[in-house]
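Spelled out from the first residue to the last, the chains are:
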Amino acid sequence: MTSADLFPEPTVMWATPNADQAGKPLLILLHGYGANENDLLSLAEMLPDAFAVASVRAPLDLGSGFSWFPLTAALDFSIDAVTRAADHLETWLDGIRANHSSVTLLGFSQGMAMATTLLRRRPSDYAAVVGLSGFVVDVGSSTELGAQDDLLSGSVPFFWGRDQQDPVIPADKIDYTMAWLRPHVKLTKVLYTGMWHGINAQEIGHVGEFLTHEVLKG
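Residues numbered from 1 in each chain as written. Predicted model: local features only at pLDDT ≥ 70, side-chain atom pairs only at ≥ 80, totals over all residues. Heavy atoms only, no water.

Novice: Could you give an account of the sheet that holds strand E2 (residues 26–30), with specific residues and numbers?
Specialist: Pairing is mixed across the open sheet formed by seven strands, whose spatial order is E1-E3-E2-E6-E7-E8-E9. Of all the strands in the sheet, the pair left with one neighbour each is strand E1 (12–14) and strand E9 (186–192). Going across the sheet, the axis of each strand differs from the next one's by a mean of 15°, ignoring polarity. Pairing analysis gives five bridges linking E2 to strand E6 (residues 103–108), with the strands arranged parallel. Note on E6: the bridge partner recorded for Ile28 is Leu105. Set on the sheet, helix H3 (residues 110–121) makes contact with E2, E6, strand E7 (128–132) and strand E8 (157–163); between it and E6 the angle comes to about 150°. Along the sheet, helix H4 (residues 171–184) makes contact with E8 and E9, crossing E8 at roughly 160°. (Pairing = 2+ DSSP bridges. Helix = DSSP H or I, 4+ residues; strand = E, 2+ residues; numbered from the N terminus. Axes fitted to C-alpha atoms, helices over the stretch in contact; angles between N-to-C directions. Contact = heavy atoms within 4.5 Å.)

Have a look at this one:
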């Protein structure tokens, strides 16, 4: 059974009118645990308008929101569940990728876990990745999910923004994320104060500058 059998076609909200999407670089927004596709959509108006921006709903219904894969209170997870969610996203992306000059991912919290998982699976598919207040999935003994890591030679631009006082993401997840990002991506890391587990205007300003420099001018 494939993820296409498990999950319906993703619900996607576009910030860019249909007539203006073709040929533009694509920016995919991936929301956090318990949120939905509307959660990050307002960011589009604060980011460069050269992008076609799409916000995707996670496939698992929590009642009050959605998640990409189940999480415990300690943010533990099943690698199989992460893989199914990545399959789900890639199937959708493969259907629209040819309409755009490049694809960039922006994930918040659990959405960052998904964005980095997609990057690991297909390193050459993405122009850049933005991770906000999130983490990278620790693959543990899984050889499949980290199989392409050696192809990430530090060339993909990556913006990682977070508050050191973030009360949601545990220290072990941060430690693994830092250890994985350093050798595998071209890292821009920015720390913020007073943001907690969230996004602020200063951070989005920095993200806009990063996207302009690394994707639009790169």
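After that view, the rundown keeps rolling.
Novice: Can you explain helix H2 (residues 79–96)? Please cite residues and give values.
Specialist: A rise of 1.5 Å per residue sets the reference length of H2, with its 18 residues, at 26 Å; its end C-alpha atoms lie 26 Å apart and thus fit the reference within 8%. All of the buried residues along H2 are Ala81, Val82, Thr83, Ala85, Ala86, His88, Leu89, Glu90, Trp92, Leu93 and Ile96. Near the N-terminus of H2, the side chain that reaches the backbone nitrogen of Asp80, with its oxygen 3.2 Å away, is that of Ser78. (Expected span 1.5 Å × (residues − 1). Buried < 20%, exposed > 50% of the residue type's maximum accessible area, 1.4 Å probe, protein only. Polar contact = N/O pair within 3.5 Å; in protein donor to acceptor, adjacent residues only side chain to side chain.)

Novice: Residues and numbers for the packing of aromatic side chains, please.
Specialist: Following the criterion strictly, the structure yields one aromatic pair and no others. Summarising the aromatic geometry, the rings of Phe159 and Phe210 are spaced 5.7 Å apart at their centres and angled 55° between planes, so their arrangement reads as tilted. Here Phe159 is found in strand E8, whereas its partner Phe210 is found in helix H5 (residues 201–216), with 51 residues between them in sequence. Across the pair, exposure class does not vary: Phe159 and Phe210 are buried alike. (Phe/Tyr/Trp six-rings, centres within 6.5 Å; stacked < 30°, edge-to-face > 60°.)

Novice: Outline H5, listing residues and values.
Specialist: Under the 1.5 Å per step criterion, the end-to-end length of H5 is 21 Å for 16 residues, consistent within 8% with the ideal 22 Å. Every buried residue belonging to H5 is among Glu203, Ile204, Val207, Gly208, Phe210, Leu211, Glu214 and Val215, and all of these are buried. Relative to the axis of H5, the buried residues are bounded by an arc of 165° and lie together on one face. Turned more than 90 degrees away from the buried face of H5 sit Ala201, Glu209 and His213, all of them exposed. Taken together, the buried residues of H5 touch E2, E6, E7, E8 and E9. Looking at where H5 begins, the residue whose side-chain oxygen comes 3.3 Å from the main-chain nitrogen of Gln202 is Asn200. (Arc of directions from axis to C-beta.)

Novice: Describe the environment of Thr188, and please don't skip the residues or the numbers.
Specialist: By secondary structure assignment, the location of Thr188 is in strand E9. The class of Thr188 is partly exposed, set by a relative accessible area of 30%. Spatially, the C-alpha atom of Thr188 lies 8.4 Å from that of Gly161, the residues being 27 residues apart in sequence.

Novice: Which residues make up the environment of Ala86, and what values go with them?
Specialist: The topology assignment puts Ala86 in helix H2. C-alpha separation for the pair Ala86 and Thr104, spaced 18 residues apart in sequence, amounts to 15 Å. Setting aside chain neighbours within four positions, we find Ala86 in contact with Met114, Thr117, Leu118 and Arg121.

None of the figures reported here should be taken as evidence of function without further support.
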